[in-house]
Amino acid sequence: MDKVVHLVKLSVGSESPETLIAWQHTYAASFPDGLPRHITRMWPKRESEILNGGSIYWVIKGSIQCRQRIVRLDEMTGADGVRRCAIVLDPEIYLTQAALKRPFQGWRYLKLEDAPADLPVSRANDDILPDELNRALAEIGVL
């Protein structure tokens, strides 16, 4: 069986999954296919594992809160002439169980077995817990 690996990335400036969605909606409109992207200088060495069903898990305010399926990796050249990787994303965002994550730079690989589970669709409209309570529950393993 082929392996799958995910990416995990800080969503700098996002206050919630909703603000990430709003920003991506505006940003995606600048591309011909209308799909959101995350542009990075590094090309993932584990490309085939990512493209085998991987997602990008977004860290917002210190915890993984949502994910998006990775559609493809596109090569782009910046205005400075440097080759970059555009991680092209499915516009649908899935809320996940909270998982604490310390700050880091760039993106990291996330093993399939370490990825937090998606929240059931029935919980998608639940009230969002305050950050302090969400963090405390995640620390003791309730979330």
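Up top you'll find the structure we're talking about.
Residues numbered from 1 in each chain as written. Predicted model: local features only at pLDDT ≥ 70, side-chain atom pairs only at ≥ 80, totals over all residues. Heavy atoms only, no water.

A. The arrangement of unusual backbone geometry in detail. Here K61, not a glycine, exhibits a phi torsion of approximately 55 degrees, which is positive. Assignment of secondary structure puts K61 in the loop between β3 (55-60) and β4 (63-77). (Helix = DSSP H or I, 4+ residues; strand = E, 2+ residues; numbered from the N terminus.)

B. Highlighting the side chain of K9. Considering the arrangement of structural elements, one finds K9 in strand β1 (residues 5-10). One buried charged side chain, K9, makes no salt bridge at all; its nearest oppositely charged neighbour is E15, positioned 15 Å away. Beyond its immediate sequence surroundings of up to four residues, K9 is in contact with H38, I56, Y57, W58, V59, F104, G106 and W107. (Buried < 20%, exposed > 50% of the residue type's maximum accessible area, 1.4 Å probe, protein only. Lys, Arg positive; Asp, Glu negative; His and termini not counted. Salt bridge = Lys/Arg side-chain N within 4 Å of Asp/Glu carboxyl O. Contact = heavy atoms within 4.5 Å.)

C. Region of interest: the sheet that holds β1. With mixed pairing, the six strands of this open sheet are ordered in space as β2-β5-β4-β3-β1-β6. A strand with exactly one partner marks an edge of an open sheet, and here the two such strands are β2 (37-40) and β6 (107-111). The average angle at which neighbouring strand axes cross in this sheet is 40 degrees, direction not considered. (Pairing = 2+ DSSP bridges. Axes fitted to C-alpha atoms, helices over the stretch in contact; angles between N-to-C directions.)

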